[in-house]
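# Examination of the molecular architecture
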Amino acid sequence: MRNTTLAASVALSVLSALVGAVVQLAQPAAAAPVGPVGHDAACAADLTARVTRGDDEGLRVLGCDPAERGRAVLALGDPATAGSVAVLVPGSDTDLSTLDDPAHPQHRPLGWARALHAAAGPDSAVVLWVGYPTPEGLGRDAATGRLARAAVPALVAEVTALRDRPGSPPHLTVVGHSYGAVVVALAAADLPADDLVLLASPGARADDVDDLHTTARVSAARSPDDWIGRVPHVRLGDLGHGADPAAPAFGAHPLPVDGVRGHDGYFRPGSTTLAALADVVTGPPQETRP
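Residues numbered from 1 in each chain as written. Predicted model: local features only at pLDDT ≥ 70, side-chain atom pairs only at ≥ 80, totals over all residues. Heavy atoms only, no water.

## Thoughts on the packing of aromatic side chains
The geometry of two aromatic rings is summed up by the distance between their centres and the angle between their planes. Inspection of every chain in the model, using the stated rule, returns two aromatic pairs. Ring centres of Trp129 and Tyr132 lie 5.9 Å apart, and the angle between their planes is 15°; on these two criteria the pair is classed as stacked. Tyr132 shares its class with Trp129; the two are buried. (Phe/Tyr/Trp six-rings, centres within 6.5 Å; stacked < 30°, edge-to-face > 60°. Buried < 20%, exposed > 50% of the residue type's maximum accessible area, 1.4 Å probe, protein only.)

See below:
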């Protein structure tokens, strides 16, 4: 009897500790909002030398901050004059050292930006915005909204500046991939964009498109072959990101994913998703939602 009582007491203590840990993890944690990416001349020169290809005459380093893991803003094409501008927001494990992979360009965000710019054509510009400290790996930061919330003001400022350029504004599209889609969803209500695209998202932190409170058209895509589809679309406090924006019930415009493989295959040249993304980027401004 004593052993049974002791075992029950130990089990209760372990369960209580586990519940306490989950509750603590689920509490929203604050992170200081990040400011705009500065332009450190040495950082920009080093980054330009490292990532420029022979056919990249139009690549511009708009911002480069070497602090900690580093942040950067790069553009393919000229966002000051292009008729269509896309802002690409990548997710976890993206920083100055992981922007590019010359051997396997389609595995890294600069390769995605290059592919989207090539597909969208010469009157487009693609801005790769690594303007926030992204989560590292699949730990707590990737499972909560702390870093995404901190990124929102800087992303809104970046997109607003692109919209408010001298002359006529461009057709503006903001594309978030993976955890970057969480950032875009949280910023949606304040982004002066014509289109928002949520790719390979772990969740939108909103129940449906109306809950994003945006006048932009919202599109989404997730390949059945993408491991992100195995992430539970639930939220407990700040733990988890909620509804899947690629689910029909969410109400986003679906983009095709035929033949897309893995978590980083959406921008593969020749893919149906890349062609659809280019159509979104270059299309006329969409009618606003009521």
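## As for the environment of Arg222
Mapped onto the secondary structure, Arg222 falls in the loop between β7 (217-221) and β8 (253-254). For the pair Arg222 and Tyr266, spaced 44 residues apart in sequence, the C-alpha separation works out to 8.7 Å. Discounting chain neighbours no more than four positions away, the residues touching Arg222 are Ile228, Gly229, Asp244, Ala246, Val257 and Tyr266. A distance of 2.9 Å separates a polar atom in the side chain of Arg222 from a polar atom in the side chain of Asp244. (Helix = DSSP H or I, 4+ residues; strand = E, 2+ residues; numbered from the N terminus. Contact = heavy atoms within 4.5 Å. Polar contact = N/O pair within 3.5 Å; in protein donor to acceptor, adjacent residues only side chain to side chain.)

## Describing the packing of helix α5 (residues 146-163) against helix α6 (residues 179-187)
Geometrically, a packed helix pair is captured by the angle between its two axes and the distance between the axes. Put simply, α5 and α6 touch, their axes get as near as 8 Å, and they point 60° apart. Taken together, the axes of α5 and α6 are oblique relative to one another. In the packing of α5 onto α6, the handedness of the crossing is right-handed. On α6, the residues touching Arg146, Leu147, Ala148, Arg149, Ala151, Val152, Leu155 and Val156 of α5 are Tyr179, Val182, Val183, Val184, Leu186 and Ala187. (Axes fitted to C-alpha atoms, helices over the stretch in contact; angles between N-to-C directions. Parallel < 35°, antiparallel > 145°, perpendicular 65-115°, else oblique. Left-handed = near helix turned anticlockwise from the far one by under 90°.)

## Section: the confidence of the model for the chain
Summing up the model confidence of the chain, the mean pLDDT is 88 and the portion of residues at 70 or higher is 86%. Note that pLDDT drops below 50 for residues 285-290; the model gives that stretch 12 contacts with residues more than four away or on any other chain. (pLDDT = per-residue confidence, 0-100.)

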